[in-house]
Amino acid sequence: MSQPDNSPKGGMQKFLDIVERVGNKVPHPAVIFLLLLGGVIVLSQVLYMTGASVSYEVIVPEPRESEFVEITDPMHYGMGTPIGPGAIDERSTTFETRTATARSLLTIEGIRFMYVSLIPNFMAFTAVGLIIVAMLGVGVAEESGLIKTLIRKLVIVAPPKLLVYIMVFVGILSSVAADAGYLVLIPLAGAAFMSVGRHPLAGIAAGFAAVAGAFTVNMLIKPLDAVLVEFTNDAIHLVDPEVSIGLASNIWFSIVSVLLLTVIIAFITERMIEPRLGKYEGGGGEPESSVLSPEEWRGLKFAGIGLLGTLLVFGLLALPPGAPLRDAETGALIGNTPFMNGLIAFIASVFFVSGFAYGIGAGTMKKGGDVIKAMEKAVSTLGSLIFLLFIIAQFIAFFNYSNMATILAVSMSNALTGVNIGPLWLLLGFIVVVVLLDFLITGAIAKWAIFAPIFVPLLMRLGVEPEAVLAAYRVADSPINMITPLNAYFALVVVFCQKYDKGAGVGTVVALMLPYVVVLLVAWTLIFIAWQLFGLPWGI
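Residues numbered from 1 in each chain as written. Predicted model: local features only at pLDDT ≥ 70, side-chain atom pairs only at ≥ 80, totals over all residues. Heavy atoms only, no water.

## So, helix α2 (residues 29-50)
Quick reminder of the rule: Only DSSP runs of H or I reaching four residues or more are called helices, and only runs of E reaching two or more are called strands; each is numbered from the N terminus. Working rule for helices: expected span equals 1.5 Å times residues minus one. For the exposure calls, accessible area comes from a 1.4 Å probe over protein chains only, and a residue counts as buried if that area is under 20% of its type's maximum, exposed if over 50%, partly exposed in between. In this description, one arc is meant: the one made by directions from the helix axis to the C-beta atoms. In this analysis, two residues are considered to be in contact whenever any of their non-hydrogen atoms come within 4.5 Å of each other.
In this model α2 runs 31 Å from its N-terminal to its C-terminal C-alpha over 22 residues, within 8% of the 32 Å that 1.5 Å per residue would give. Those residues of α2 not exposed but buried are Ala-30, Phe-33, Leu-37, Val-40, Ile-41 and Ser-44. End-on, the buried residues of α2 take up no more than an arc of 100°, which puts them together on one face. What points out from α2, more than 90 degrees from its buried face, is the exposed set Leu-35, Val-42, Met-49 and Thr-50. Here the buried face of α2 lies against α3 (108-116), α16 (383-401) and α17 (404-417). Gly-51 lies just past α2 and shows a positive phi near 70°.

## Points about the packing of helix α10 (residues 223-236) against helix α19 (residues 444-461)
Put simply, the rule is: Angles shown run from 0 to 180 degrees and are taken between the N-to-C directions of axes, each axis being a line fitted to C-alpha atoms and, for helices, limited to the stretch in contact. The crossing is said to be left-handed when, going from far helix to near helix, the turn is anticlockwise and less than a right angle, and right-handed when the turn is clockwise.
Taken N-terminus to C-terminus, the directions of α10 and α19 make an angle of 35°; their axes are 8 Å apart at the nearest point. Crossing hand, α10 versus α19: right-handed. Contact residues: α10 offers Leu-224, Val-227, Leu-228, Phe-231, Thr-232, Ala-235 and Ile-236, while α19 offers Ala-444, Ile-445, Trp-448, Ala-449, Ala-452, Pro-453, Val-456, Pro-457 and Met-460.

## Observations concerning the environment of Leu-536
Examined against the element boundaries, Leu-536 turns out to sit in the segment after α22 (506-534). Judged by its relative accessible area of 36%, Leu-536 falls in the partly exposed class.

## What about a nonpolar patch on the surface?
Cut-off, in case you're wondering: Patch membership requires more than 30% relative accessible area and the absence of a salt bridge. Residues of like charge join within 9 Å; the nonpolar side chains Val, Leu, Ile, Met, Phe, Trp and Tyr join within 5 Å. Computed with the Shrake-Rupley method and a 1.4 Å probe, the accessible areas treat only the protein chains shown as cover for residues. Between Lys or Arg on one side and Asp or Glu on the other, a salt bridge is scored when a side-chain nitrogen of the former is within 4 Å of a carboxyl oxygen of the latter.
On the surface, Leu-408, Val-432, Leu-436, Phe-439 and Leu-440 cluster together into a nonpolar patch covering about 390 Å² of accessible area. In this fold, Phe-439 is placed in the loop between α18 (423-437) and α19.

## Here's the deal with the packing of aromatic side chains
The test is simple: Side-chain rings of Phe, Tyr and Trp, where Trp is taken by its six-membered ring, are said to pair if the distance between their centres is within 6.5 Å; with planes under 30 degrees apart they count as stacked, over 60 as edge-to-face, and otherwise as tilted.
A complete count under the given rule lists 21 aromatic pairs for this structure. Ring geometry for Phe-113 versus Tyr-401: centroids 4.3 Å apart, planes at 15°, classification stacked. A residue pair is termed long-range when its members are at least 10 positions apart, and Phe-113 in helix α3 and Tyr-401 in helix α16 qualify at 288 residues. With a relative accessible area of 11%, Tyr-401 lands in the buried category.

Here's what the structure looks like:
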């Protein structure tokens, strides 16, 4: 609940208010996706009857031997079914020339697919498992009071003016832990803002913008980089088999992007989002005491001991040569390894053990039953979200089965490559195409599997470095994640907002995030253009 600023509203503020009102009046998201399901079924039949098809080259990643997942279509990876880099062996990829023909969901095969795939579609939607596992640990930490105390400690230590910058910076870096930022940092940002009397929805918006809007860049090498770089190298070898780029091929551009995007996101939060939201009147928004009680201090000490114990256990499992959480072949710890692929278990364990230890020390938890109740409470709040994700999983599976995503992506790519324009304009056109497709195909891996063999060789022949093409893809792939409902975590952010504003809905989140999307796309594209024109090194 907010008390809006009474000062006259500008055109942008009025527009965002309209977006919010209209967005919140649309039917429940589950109803919307059910209608979209019907639309996909009908459109698949229309395209099938017209014989729509495209031919294209695609990079096919081989599933890791340890993955007991039957994948019959390589385009399954990242097409909204969040099977991430951990399911792919980036060291083993092949090129295939494929023809995608529209498949109807109203044929005998299509009806059979819809009937038998309901459960597999949902089980393959790994975001559900990630959310539940993470919330088991986070729920204990929240119910024990650890998260609240840590936020108060952060507020005490951090200068008030730097709070949003710290939260945004950490949010961008959280992509090294895959989806953990969505599950942990976004709700923490809302709670942190409320603890200092600022609007919690502004904190959630800043956290969401940082985690989703800059997901493809980091100051560290992350698992996604290994897959994107390998796909890029496979595309490069179509032109020159002797040329390859490394994992750090975009590191300088990524580092600068992280720093500049931190400032931009924080600026938008303070100058656009917070003034529009006004003062929060939902209760609990007044700054709390800046002095921790003796019980809270004791709880933090216990939590610290629990954290050290957890780190020691995982250190023994991951650090020694030949440790079970290292890659069995290379011995690597970071990248496409058991440790990184199962990182959510580590994160959940840290919150679970630290939260329980804090509860024992602070006296907020007395026995094991308190822990179980905390986990039950955390999971019980996810009922509506799980139902919505079930519907979304079916929509994405049906959409992918029809081959509409592939036909659309290849058709747009062919249209762009057929235009006789210069390299820079072609790069900008490439960014536009990726942005548009990101509304429907949210997975970074799937789009790059299609685009890399098309645009990397084309632009290399025009004298453009492959590192520049990959950097352009990073710019285009992230910002739309903030407003597309096909982002598996978009519905979760709506749930986070409803904790502070019961009337919040899809329109609320879209109106909050739209300024970030527009400014980030424009500013980041300008940074990319300047980098390309000045010939700055993209990485190592």
